Amino acid sequence: MSVSGSAENEGFAIVFGEKFARSTQFDAIFREGMQLVEKTAEYLDGAGREQAKGLRPPVSVVYATESMRLTTRLLDLATWLLVQRSLKDGDITEEEALAKRENVKLRPFGRPAHIKFFEDLPEGLQDLIISSFSLSDRITQLDLAMRANEEDVIAAARNPVSEHLRKLEDAFANPK
């Protein structure tokens, strides 16, 4: 749900998410996210698979666990980005986007510092994990900002004082 500012509605706030989704910054983070998904898939199907063969327990178990976590994290991030782009392009409504967003889990699964034997994993996997956390942190912050702004706008729209002020402004702006 959103309310856009305009010359006619100067008293209303502009929802951050609406503005961000139409920005070049969104396009940049969208490209970055999709490139990271592709790069990860290529690594895990190619060099990563070969490197994993040479790992011994317990590092081999950590590799398998962290590659699954990485894939899950990237799928959630890609889903969030695709929902935002679909909303931006008008392919889905705001209600559909909100419903789809509820299925996306933007929770980190630990951090590299919490992963036992992280330093023993192949450098390629380490880099992808670190990059995915960086992207996840930015998207999580954007999502929180977008949700907070939406809640503020909705609360302001429901505020009876705001409604009375709007009516007064309309009455004085359009004298009969």
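As a reminder, the structure under discussion sits directly above these lines.
Residues numbered from 1 in each chain as written. Predicted model: local features only at pLDDT ≥ 70, side-chain atom pairs only at ≥ 80, totals over all residues. Heavy atoms only, no water.

Of regular secondary structure, the protein chain possesses seven helices and zero strands. In sequence order, the protein chain lays out its α and β elements as α-α-α-α-α-α-α. Buried residues in the protein chain amount to 32% of all 176 residues. Contacts in the protein chain between residues far apart in sequence, at least 24 positions, make up 71% of those at least 6 positions apart. Surface accessibility of the protein chain: about 11,100 Å² in total, with carbon and sulfur atoms responsible for 56%. (Helix = DSSP H or I, 4+ residues; strand = E, 2+ residues; numbered from the N terminus. Buried < 20%, exposed > 50% of the residue type's maximum accessible area, 1.4 Å probe, protein only. Contact = heavy atoms within 4.5 Å. Areas by Shrake-Rupley, 256 points an atom, 1.4 Å probe, with all protein chains shown as cover.)

Quick look at helix 2 (residues 24-45) now. Over its 22 residues, helix 2 extends 32 Å from the first C-alpha to the last, a length consistent with the 32 Å expected when each residue adds 1.5 Å. Three or more residues of helix 2 are buried, namely F26, I29, F30, G33, M34, L36, T40, Y43 and L44. (Expected span 1.5 Å × (residues − 1).)

Attention shifts here to the nonpolar core. Membership of the largest hydrophobic core comes to 31 residues, with the highest contact counts inside it found for I29, W80, L81, L121, L125 and I139. The set of elements that each furnish at least two residues to this core consists of helix 2, helix 4 (59-88) and helix 6 (123-158). (Core = buried A, V, L, I, M, F, W, Y, C linked by side-chain atoms within 4.5 Å.)

Here the focus is the packing of helix 2 against helix 4. It is the contact of helix 2 with helix 4, at a shortest axis distance of 10 Å, that shows an interaxial angle of 150°. As far as their axial angle goes, helix 4 and helix 2 are roughly antiparallel. In the packing of helix 2 onto helix 4, the handedness of the crossing is left-handed. For the pair formed by helix 2 and helix 4, the contact residues are F26, D27, I29, F30, G33, M34, L36, V37, T40, Y43 and L44 on the first element and Y63, S67, L70, T71, L74, A78, L81, L82, Q84, R85 and K88 on the second. Residues that form the contact of helix 2 with helix 4 fall into these classes: 14 nonpolar, five polar and three charged. (Axes fitted to C-alpha atoms, helices over the stretch in contact; angles between N-to-C directions. Parallel < 35°, antiparallel > 145°, perpendicular 65-115°, else oblique. Left-handed = near helix turned anticlockwise from the far one by under 90°. Nonpolar A, V, L, I, M, F, W, Y, C, P; charged D, E, K, R; others polar.)

Time to look at the packing of aromatic side chains. Tallying each qualifying case throughout the model produces one aromatic pair. Geometrically, the ring pair formed by F26 and F30 is tilted, given 6.0 Å between the ring centres and 40° between the ring planes. Residue F26 and its partner F30 are both found in helix 2; the two are separated by four residues, about one turn of the helix. In this arrangement the basic side chain of R73 is found over the ring face of F133, its NZ or CZ atom lying 3.9 Å from the centre. (Phe/Tyr/Trp six-rings, centres within 6.5 Å; stacked < 30°, edge-to-face > 60°. Lys NZ or Arg CZ within 6 Å of the ring centre and 35° of its normal.)

Okay, the pattern of salt bridges next. Side-chain pairs of opposite charge can arise whenever the charged atoms involved come near each other. Per the stated rule, a full pass over the model turns up seven salt bridges. A salt bridge links E32 to R138, with the shortest nitrogen-to-oxygen separation between them at 2.4 Å. Highlighted residues: E32 in helix 2 and R138 in helix 6, separated in sequence by 106 residues. Judged by relative accessible area, E32 falls into the partly exposed class, the value being 32%. (Salt bridge = Lys/Arg side-chain N within 4 Å of Asp/Glu carboxyl O.)

Here the focus is unusual backbone geometry. With omega at 5°, the peptide bond leading from P57 into P58 counts as cis. Relative to the assigned elements, P58 resides in the loop between helix 3 (47-53) and helix 4. The phi angle at F117 is positive, at roughly 70°, despite the residue not being glycine. Within the secondary structure layout, F117 lies in the loop between helix 5 (94-101) and helix 6.

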